[in-house]
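Fold and geometry: a report
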Amino acid sequence: MRIRATVAAVSGALALSALALPAAHAAGQERVPAGNFASKVAHAAQHPGRPAFAVAASGTPYPLNATFSAVKVNNGKNIAAGTTNVVKVPVSFTLTHGTEVNIHAKDFVAAIELYRGTSFDDSIFYFDSAVSTCTDTSKTVASCKSTVAIDPTELLSEDAGAWKAAAYAVAFNGQNPTKPADMTKVGVAVKDPTNSYNLQRWATLNTDAAPEPVKKGKTVTVSGKLARADWEDGKYHGYADQPVKLQFRKSGSSTYTTLKTVRTNSTGNLKTTATATVDGYFRYAFAGTTTTPATTATGDYVDVK
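Residues numbered from 1 in each chain as written. Predicted model: local features only at pLDDT ≥ 70, side-chain atom pairs only at ≥ 80, totals over all residues. Heavy atoms only, no water.

So, the overall build of the protein chain
For the record, the criterion: Note on conventions: DSSP H or I runs of at least 4 residues are helices, E runs of at least 2 residues are strands, and numbering of each starts at the N terminus. Only protein chains enter the area calculation, which uses a 1.4 Å probe; residues under 20% of their type maximum are buried, those over 50% are exposed, and those in between are partly exposed. Throughout, a contact is declared for two residues whenever any of their heavy atoms are within 4.5 Å. To be clear on the numbers: accessible area is Shrake-Rupley with a 1.4 Å probe, and residue cover counts the displayed protein chains and nothing else.
Within the protein chain, the secondary structure is distributed over 1 helix and 23 strands. Evaluated residue by residue, the protein chain yields a buried proportion of 48% over its 305 residues. Taking the intrachain contacts of the protein chain between residues at least 6 apart in sequence as the baseline, contacts between residues at least 24 apart amount to 66%. For the protein chain, the computed accessible surface area is about 14,100 Å², with 50% contributed by carbon and sulfur atoms.

So, the nonpolar core
We count it as follows: Definition of nonpolar core: a set of buried residues of the types Ala, Val, Leu, Ile, Met, Phe, Trp, Tyr and Cys, connected through side-chain atoms within 4.5 Å.
Core analysis: the biggest nonpolar cluster contains 37 residues, and Ile79, Leu95, Phe108, Leu114 and Ile150 have the highest contact counts within it. Elements that contribute at least two residues to this core include exactly β6 (66–73), β7 (79–81), β8 (87–97), β9 (108–119), β10 (122–128), β12 (141–150), β13 (161–171) and β14 (187–201). In this structure, Ala203, Leu226, Val244 and Phe286 belong to the second largest nonpolar core, which totals 21 residues.

Observations regarding helix α1 (residues 37–46)
Burial runs high along α1: 8 of the 10 residues are buried. The inward-facing, buried residues of α1 abut β9, β10, β13 and β14.

Brief notes about the state of the cysteines
We apply this condition: Cysteine sulfur atoms that pair up within 2.5 Å are treated as a disulfide.
Applying the stated criterion across every chain yields a total of 1 disulfide. The disulfide partner of Cys134 is Cys144, and the gap between their sulfur atoms is 2.1 Å. Across the disulfide from Cys134 to Cys144, rotation about the S-S bond amounts to roughly 110°, and the bridge is consequently right-handed. Taken together, the positions of Cys134 in strand β11 (residues 133–136) and Cys144 in strand β12 put the pair 10 residues apart, joining distant regions of the chain. Each member of the pair Cys134 and Cys144 is classed as buried.

Comments concerning the sheet that holds β11
Let me state the cut-off plainly: Pairing between two strands requires that DSSP report at least two bridges joining them. Fitted lines through C-alpha atoms serve as axes, helices being fitted only where they are in contact, and the angles separating the N-to-C directions of these axes extend from 0 to 180 degrees.
What the 4 strands build is an open sheet, ordered β6-β8-β12-β11; its pairing is antiparallel. Both outer strands of the open sheet, β6 and β11, are each paired with one neighbouring strand and no more. Across the sheet, the mean angle separating the axes of adjacent strands is 25° when strand polarity is ignored. In this sheet, β12 lies alongside β8 in antiparallel orientation, the contact comprising 10 bridges.

Quick word on the packing of aromatic side chains
Where we set the bar: Under the pairing criterion, centres of Phe, Tyr and Trp rings, with the six-membered ring standing for Trp, must be within 6.5 Å; the plane angle then separates stacked pairs below 30 degrees from edge-to-face pairs above 60, leaving the rest tilted.
Taken as a whole and assessed by the stated rule, the structure comprises 7 aromatic pairs. Ring centres 6.0 Å apart and planes at 40° place the aromatic pair Phe120 and Tyr168 in the tilted group. With Phe120 in the loop between β9 and β10 and Tyr168 in strand β13, this residue pair connects regions lying 48 residues apart in the sequence. Like Phe120, the residue Tyr168 is buried in the burial classification. Their ring planes at 85° and their centres at 5.3 Å tell us that Phe125 and Phe127 sit as a pair that is edge-to-face. A single burial state applies to Phe125 and to Phe127, both of which are buried.

Side note on the side chain of Gln175
The condition is simple: Polar contacts, as used here, are pairs of N or O atoms within 3.5 Å; protein pairs need one atom able to donate a hydrogen and one able to accept it. Residues neighboring in sequence count only if both atoms are side-chain atoms.
Of note, Gln175 is situated in the loop between β13 and β14. The class of Gln175 is buried, set by a relative accessible area of 13%. Polar side-chain contacts of Gln175 include one of 2.9 Å to the backbone nitrogen of Ala181. Filtering out sequence-adjacent residues up to four positions away, Gln175 remains in contact with Asp107, Pro180, Ala181, Asp182, Lys185 and Val186.

Notes on the confidence of the model for the protein chain
What counts is decided by this rule: How sure the predictor is of each residue is captured by pLDDT, a score from 0 to 100.
For the protein chain, mean pLDDT is 87; residues scoring 70 or higher make up 85% of the total. For the stretch residues 1–35, pLDDT sits under 50, and the model shows 92 contacts to residues farther than four places along the chain or on other chains.

What follows is the structure in structure tokens.
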């Protein structure tokens, strides 16, 4: 069983505590999300009776006078992760707040959460951003930005697909962020959802055209393979039964033309034929799915004699 590392949000002298919670591989076992303490407080404020986000303190947080707008996640693009490299996802938003809210206090946290699930308080798993850096544009408006680190070793392959984002702010107001004694003195604001996007398993695609060279009018066999990341074993496996376009570009041209569509076999392999007419490049191109990004192979040059 893997251990899902948590994201610790750090701002100056403030270090928000985090817990390492196990992921579930066994059927029927609940996968408990992990997150920084501010995130847990924000979740508790949305769903006070939910044990997974229970906070050992009395009272309920009050509604913080803060709102979110212009939230951007990964510049509006889907997010793709391979098997090893941590993906740094840029996030930004505008934070509007009352004059009584000190967004530059050491115990104030504004962040973005990326999650899989129906809502912020009913998520299957999530990643929190680091504490956002906010720059005042007026006395009550700030431009904020941060980064969400997505480690593919914490993901299951079933996590690929539709994800959402939520924005939250927590003002601890002097309460111990790791163990607030009186939650009624803690302010919380949440906007959910702010964005929708796909978290995808990175894909690879290659092309091999043979023979090289080939006589004009003869048959060229074009092979290839479409594979995608498996977040559980850390390897790439063939993507079966997927439509992939075979394309050709004449030497001296910059434009590829689609010749036909070929489907991958049970192991992700591709194989088809074309007639050699002129010198040029053959390549395969995959349009992508909700769980897998589009990818295009490097063209393989064939010299026609």
